[in-house]
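Structure assessment
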Amino acid sequence: MPAHDSGRLRRLNALSSAVLLAFNDGPKIMSSPSMPRAATAPQALAPAGTNTIVDVPGLRVGQVHDARVWSGVTVLVPDAPAVAAVDQRGGGPGTRETDLLDPVNTVERIHALVLSGGSAFGLEAAAGVTAWLAERRIGFPVGDAVVPIVPSAILFDLLNGGDKAWGDDPPYRALGRAAVEAAAATDDGRTVRLGNAGAGYGATSGGLKGGVGSASLIVPGTTADDAPFTVGALAAVNSMGSATMGETPAFWAWPWAVGDELGPRARPAEDWPAPGPTDFAFDLPARSNTTLAVVATDLALTKAQAGRVAIMAQDGLARALRPVHSPLDGDTVFAVATEHVALGADPLRTLARCGMAAADCLARAVARGVYEASTLGNWPGYRDRYGLR
């Protein structure tokens, strides 16, 4: 290995370690006479109980798939209507009811979020969720009517090898209904299956099988008097870009991994070539892609504040995938707040720390979605490719 590559990799490792230390210390806001720094000792951050998005109090997740079609649906349902926002960066999005999440618009809270495979056909999944909620009188009241607010986004998995000859009856409305029913179930709704599940069942990522990933963190309060808060992320990874460094098993997101959640080969070895600015060549695929994500917190946020968290969380995609936000991706990040914990004495700093944690959780969730995925057809799973099974 050339000396300059070895030195560059050592610098990369040192920089990543410094990033982790900075995260554990909390964000640095410069002191001034009018803005004193909080006197809190550095604390290591750790995942909550399941290391998934349902560690955020007040959330459930339901996932179903069609093993013949190689596609599926993931639904997130709050126990009570939740503040939500969205940030969309990819060049090929497919969404429904995302305009109402703009802070200038009237509706403040949502009743479910839907992530679906199937490209445009998958937008029907939200109709199944909407009908199920309406039958139970869950929704935005308009006179005697009830209108469930169910924003959704889709990814493109039409060319992954599954049987898409569904004629005039695409399966997505039925899949959406089944997914929200699974979310409502006492046991299923508090468990998030990773890898080949839900919207990630037929997903691909670079040259590997993609899938659903999730992660969480408990973040100490910003000041000594503030309560800790929880941040979680959920991703359906169907990216054009790669989650791994070239042909190696190292994940781009490895500096943010917690414990062994990305397996024993997540970190680049000293004798592997260091990544460079021109080392990623690819043929434009004859398909569209997209990584869909939800970040969530139990903080009490406004729609505008949730929008800022969604914007900051997009950096998690950039840390985990190369490239990202391309003309061929519809990358979309929703942010949800369940409003259990006050922002505290320094709301701007708490908001910044929430966005930072959301980005880090999302990077981990993306990598976990690829790590946990299993081989499907011609798409090799990460652990099969790198001999970890």
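Structure: above.
What counts, and at which threshold
Residues numbered from 1 in each chain as written. Predicted model: local features only at pLDDT ≥ 70, side-chain atom pairs only at ≥ 80, totals over all residues. Heavy atoms only, no water. Phe/Tyr/Trp six-rings, centres within 6.5 Å; stacked < 30°, edge-to-face > 60°. Helix = DSSP H or I, 4+ residues; strand = E, 2+ residues; numbered from the N terminus. Buried < 20%, exposed > 50% of the residue type's maximum accessible area, 1.4 Å probe, protein only. Pairing = 2+ DSSP bridges. Contact = heavy atoms within 4.5 Å. Axes fitted to C-alpha atoms, helices over the stretch in contact; angles between N-to-C directions. Parallel < 35°, antiparallel > 145°, perpendicular 65-115°, else oblique. Left-handed = near helix turned anticlockwise from the far one by under 90°. Nonpolar A, V, L, I, M, F, W, Y, C, P; charged D, E, K, R; others polar.

1. Focus on the packing of aromatic side chains
Overall, the coordinates contain five aromatic pairs when judged by the stated rule. Between F121 and W166, the ring centres sit 5.2 Å apart and the planes meet at 70°, which makes this aromatic pair edge-to-face. Residue F121 is found in the loop between strand 6 (113-116) and helix 2 (125-135), and its partner W166 is found in the loop between strand 9 (152-154) and helix 3 (172-184); the two are separated by 45 residues along the sequence. Grouped by ring-pair contacts, the aromatic residues F251, Y371, Y382 and Y386 constitute a single cluster.

2. Quick notes on the pairing of strand 3 (residues 82-88)
Summarising burial for strand 3: five of the seven residues are buried, a large majority. Where strand 3 lies against strand 5 (residues 109-110), two bridges are found, and the strand directions are antiparallel. Along strand 5, the bridge assignment pairs A82 with I110. Here strand 3 pairs with strand 15 (residues 332-341) via six bridges, running antiparallel. Each residue of the ladder has a partner; that of V86, found in strand 15, is F334.

3. Topic: unusual backbone geometry
Omega for the bond connecting R322 with P323 falls within 30 degrees of zero, at -5°, which places this linkage in the cis form. Relative to the elements of secondary structure, P323 occurs in the loop between helix 4 (303-320) and strand 15. In this structure, E97 takes a positive phi of about 55° despite not being glycine. Assignment of secondary structure puts E97 in the loop between strand 4 (95-96) and strand 5. For T290, which is not glycine, the phi dihedral falls at a positive 130°. With respect to the helices and strands, T290 occurs in strand 14 (residues 290-299).

4. Re the sheet that holds strand 9
Ordered by their spatial adjacency, five strands build an open sheet running 1-2-6-9-4, and the pairing between neighbours is mixed. Lying at the two open borders of the sheet, with one neighbouring strand each, are strand 1 (59-66) and strand 4. By the bridge criterion, eight bridges tie strand 1 to strand 2 (residues 71-78) in an arrangement that is antiparallel. Residue pairing in the sheet places V61 in a bridge with L76 of strand 2. Relative to the sheet, helix 2 contacts strand 2, strand 4, strand 6 and strand 9, its axis offset from that of strand 6 by approximately 150°. Along the sheet, helix 3 contacts strand 1, strand 2 and strand 6; its crossing angle with strand 1, the most-contacted strand, is approximately 140°.

5. Some words on the packing of helix 2 against helix 3
Look at helix 2 against helix 3: their axes get within 6 Å of each other, and the N-to-C directions meet at 50°. The orientation of helix 2 relative to helix 3 falls into the category oblique. At the point where helix 2 passes helix 3, the crossing takes the right-handed sense. Of the residues in helix 3, those touching helix 2 at A125, A127, G128, V129, A131, W132 and E135 are Y172, R173, G176, R177, V180, E181 and A184. In the contact of helix 2 with helix 3, the residues fall into eight nonpolar, two polar and four charged.

6. Observations regarding the pairing of strand 14
Summarising burial for strand 14: 10 of the 10 residues are buried, a large majority. Covered by surrounding structure in strand 14 are T290, L292, V294, A296 and D298 together with T291, A293, V295, T297 and L299, the residues of both alternating faces. As defined by bridge partners, strand 13 (residues 229-238) adjoins strand 14 across eight bridges and the pair is classed as antiparallel. Residue L234 lies in a different strand from strand 14, and its bridge partner there is V294. Pairing geometry for strand 14 and strand 15, over seven bridges, is parallel. Residue pairing for strand 15: V294 is matched across the bridge by F334.

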